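Here are the chains, one letter per residue:
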Amino acid sequence: MKTKISGVELRRIAMPLVAPFRTSFGVESSRDVLVVRVVTPDGEGWAECAAMSEPRYCSEYVDGAQDVLRRFLIPALSGSGLDADALGRAVEPFTGHRMAKSALQTAVLDAQLRASGESFGSFLGAARDRVPCGVSVGIMDTVGELLDAVEGYVAEGYVRIKLKIEPGWDVAPVRAVRERFGDDLLLQVDANAAYSLADAGQLAKLDDFGLLMIEQPLANDDLVQHARLAGRLRTPLCLDESIESAAHAAAAIELGACSVINVKPARVGGYLEARRVHDVARAHGVPVWCGGMLETGIGRAANVALAALPGFTLPGDTSGSSRYFATDVTEPFVLREGHLDVPTGPGLGVEPLPDVLAEVTTSREWIAL
Ligand code: OSB
Ligand code: MG
């Protein structure tokens, strides 16, 4: 007997960041997060949508995600009941909108796992009970400010630092961080598609600094150019934006366009596809790590569970709550010895705190099924 879904609540919450986060595609000072709650006759499931306010990181944006959920994805749920796999198939006819699909599927999966008493980690195949954590450090006005920020994160115990770069902010900040913190610091950079193949000479200068990887230097759809660039760099190449599915991952690996993959469940349409990306990469000996989209504790819980899979052999952007928000909507995720514990309770293993949630809520919409 299939458990029926009664309806889905779409809620928006305003989450100011503790400091503006600048990348080559823009500055984020506050997250406008779409929170999805799937309701059944005897339970519920939660998720957050990673789509940002504007379509800069990718084509999705939060108002668009809410629209496609309301019009197409949630109505498609009515036949599938409480079954994340069936939901995946039900929304397949609708192209794209992976972040919206991911949020809905994750909320369904949370409800499903809460009902069966299994944790996300156990369901996904976690091999560890805690995961090592890195932090992504935005572009700053001065190298001095950057060094102060990195110093704070290192003092908190983050085991890996990722610097955002763009043309004009690459070799100098990397050199300064290396000189100040030494060769043992695990260091990598992320360009968010800000370069072109004509910049290969400039990017090759980063080879001197022993970086773990350079993430997404070129445009999202430039797999062949990434493969060419990989041949001109000693620094391993990692893809983020380019990988929207396990099929993309297989193609990128086959082409030699990357030797590392940043897995963001939202970017690939959910945790089931994220696990398939992990499986494809692992079969090819390609290490993966769990990326982030400045999630609240709701999204973080599931990301930390995913990051505990055996192929996630590099520290991810799964930072503690305090790196993002003064007050998280769940019990805060707190770093211990550079690690976060994988939640063990049913489903996500965390729940939004009702008082906090009420305080940050800006709108609510109920879609009955
Ligand atoms: O490219 O990895 C990225 C945040 C928003 C959008 C894209 C990216 C990022 C980050 C921060 O690097 C990751 C995090 O701490 O959540
Ligand atoms: Mg990235």
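Preceding block: the structure.
Residues numbered from 1 in each chain as written. Chains lettered and ligands numbered in written order. Predicted model: local features only at pLDDT ≥ 70, side-chain atom pairs only at ≥ 80, totals over all residues. Heavy atoms only, no water.

(A) Quick peek at the pairing of strand 1 (residues 7-23). Sheet topology note: the strand 1/strand 13 (residues 361-368) ladder contains seven bridges and is antiparallel. Counterpart to Glu 9 in the pairing with strand 13 is Trp 366. The pairing of strand 1 with strand 2 (residues 26-40) spans 13 bridges and is antiparallel. Along strand 2, the bridge assignment pairs Pro 16 with Ser 30. Between strand 1 and strand 2, which follow one another and run antiparallel, lie two residues. (Pairing = 2+ DSSP bridges. Helix = DSSP H or I, 4+ residues; strand = E, 2+ residues; numbered from the N terminus.)

(B) Broad picture of the pattern of salt bridges. The tally for this structure, following the rule as stated, stands at 27 salt bridges. With a closest N to O distance of 3.5 Å, Glu 351 and Arg 114 form a salt bridge. Taken as a pair, Glu 351 in the loop between strand 12 (339-341) and helix 12 (354-360) and Arg 114 in helix 3 (residues 98-116) lie far apart in primary sequence, 237 residues in all. Classification of Glu 351 by relative accessible area gives partly exposed; the value is 43%. On the accessibility criterion, Arg 114 (23% relative accessible area) is partly exposed. The salt bridge partner of Glu 215 is Lys 162, with a shortest N-O separation of 3.0 Å. Remark: Lys 162 occurs in strand 6 (residues 160-164) and Glu 215 occurs in strand 8 (residues 214-215); sequence separation between them is 53 residues. Connected through shared salt-bridge partners, Arg 160, Lys 162, Lys 164, Asp 190, Glu 215 and Asp 317 make up one network. (Salt bridge = Lys/Arg side-chain N within 4 Å of Asp/Glu carboxyl O. Buried < 20%, exposed > 50% of the residue type's maximum accessible area, 1.4 Å probe, protein only.)

(C) Seen up close, the site of ligand 1. Ligand 1 sits among 17 residues. The nearest are Ser 136, Lys 164, Asn 192, Leu 294 and Tyr 324. One nitrogen or oxygen atom from the main chain of Met 293 is found 3.3 Å from an oxygen atom belonging to ligand 1. For ligand 1, the protein covers 100% of the area, taking 390 Å² as the surface of the free molecule. Of the pockets mapped on this structure, ligand 1 occupies the second largest pocket. Residues that form the shell around ligand 1 fall into these classes: six nonpolar, three polar and eight charged. When residues of the shell around ligand 1 are assigned to domains, at least three map to each of domain 1 (7-117 + 352-368) and domain 2 (121-341). (Near = heavy atom within 4 Å. Polar contact = N/O pair within 3.5 Å; in protein donor to acceptor, adjacent residues only side chain to side chain. Areas by Shrake-Rupley, 256 points an atom, 1.4 Å probe, with all protein chains shown as cover. 1 Å grid on protein atoms, 1.4 Å probe; cavity = no way out; pocket = protein on both sides within 12 Å on 5 of 7 lines; lining within 4 Å. Sits in = over half its atoms within 2 Å of the grid points. Nonpolar A, V, L, I, M, F, W, Y, C, P; charged D, E, K, R; others polar. Domains from an automatic or database assignment.)

(D) Region of interest: the sheet that holds strand 13. Read from one edge of the open sheet, four strands run 3-2-1-13, paired in antiparallel fashion. On the outer flanks of this sheet lie strand 3 (43-49) and strand 13, each paired with one strand and no other. Taken pair by pair, the neighbouring strands of this sheet meet at an average axis angle of 25 degrees, ignoring direction. (Axes fitted to C-alpha atoms, helices over the stretch in contact; angles between N-to-C directions.)

(E) Structural view of the sheet that holds strand 11 (residues 288-290). On the basis of which strands lie adjacent, the open sheet formed by seven strands has the order 5-6-7-8-9-10-11 and parallel pairing. Where the open sheet ends on each side, the last strands, each with one partner, are strand 5 (134-137) and strand 11.

(F) Structural view of the environment of Ser 116. In this fold, Ser 116 is placed in helix 3. Expressed as a C-alpha distance, the spacing of Ser 116 and Asp 67, which sit 49 residues apart in the sequence, is 31 Å.

(G) Region of the structure containing the coordination of the magnesium ion (ligand 2). Around the magnesium ion (ligand 2), the protein contributes the donor atoms Asp 190 (OD), Glu 215 (OE) and Asp 240 (OD), at 2.1 to 2.3 Å from the metal centre. Counting residues between consecutive donors of the magnesium ion (ligand 2) along the chain gives the motif D-x24-E-x24-D. Note that Asp 190 is positioned in strand 7 (residues 186-190) and Glu 215 in strand 8, a separation of 25 residues in sequence. The residues Asp 190 and Glu 215 share a single accessibility class, namely buried. (Donors = N, O, S within 2.8 Å, 3.2 Å for Na, K, Ca; no water.)

(H) The arrangement of the packing of aromatic side chains in detail. Enumeration over the complete set of coordinates arrives at five aromatic pairs. Geometrically, the ring pair formed by Phe 25 and Tyr 57 is tilted, given 6.0 Å between the ring centres and 55 degrees between the ring planes. Placement of the pair is Phe 25 in the loop between strand 1 and strand 2 and Tyr 57 in the loop between strand 3 and helix 1 (62-73), with a sequence separation of 32 residues. By relative accessible area, which is 6% here, Tyr 57 ends up buried. Ring geometry for Phe 72 against Phe 94: centres 5.5 Å apart, planes inclined by 40 degrees, an arrangement best described as tilted. Of this pair, Phe 72 sits in helix 1 while Phe 94 sits in the loop between helix 2 (84-90) and helix 3; the two residues are 22 residues apart in sequence, bridging distant segments of the chain. A relative accessible area of 38% means that Phe 72 is categorised as partly exposed. Here the basic side chain of Arg 160 rests over the ring of Trp 289, its NZ or CZ set 5.2 Å away from the ring centre. One cation-aromatic arrangement involves Arg 275 over Phe 123; the distance from NZ or CZ to the ring centre is 5.1 Å. (Phe/Tyr/Trp six-rings, centres within 6.5 Å; stacked < 30°, edge-to-face > 60°. Lys NZ or Arg CZ within 6 Å of the ring centre and 35° of its normal.)

Keep in mind that these numbers describe shape and distance, not what the molecule does.
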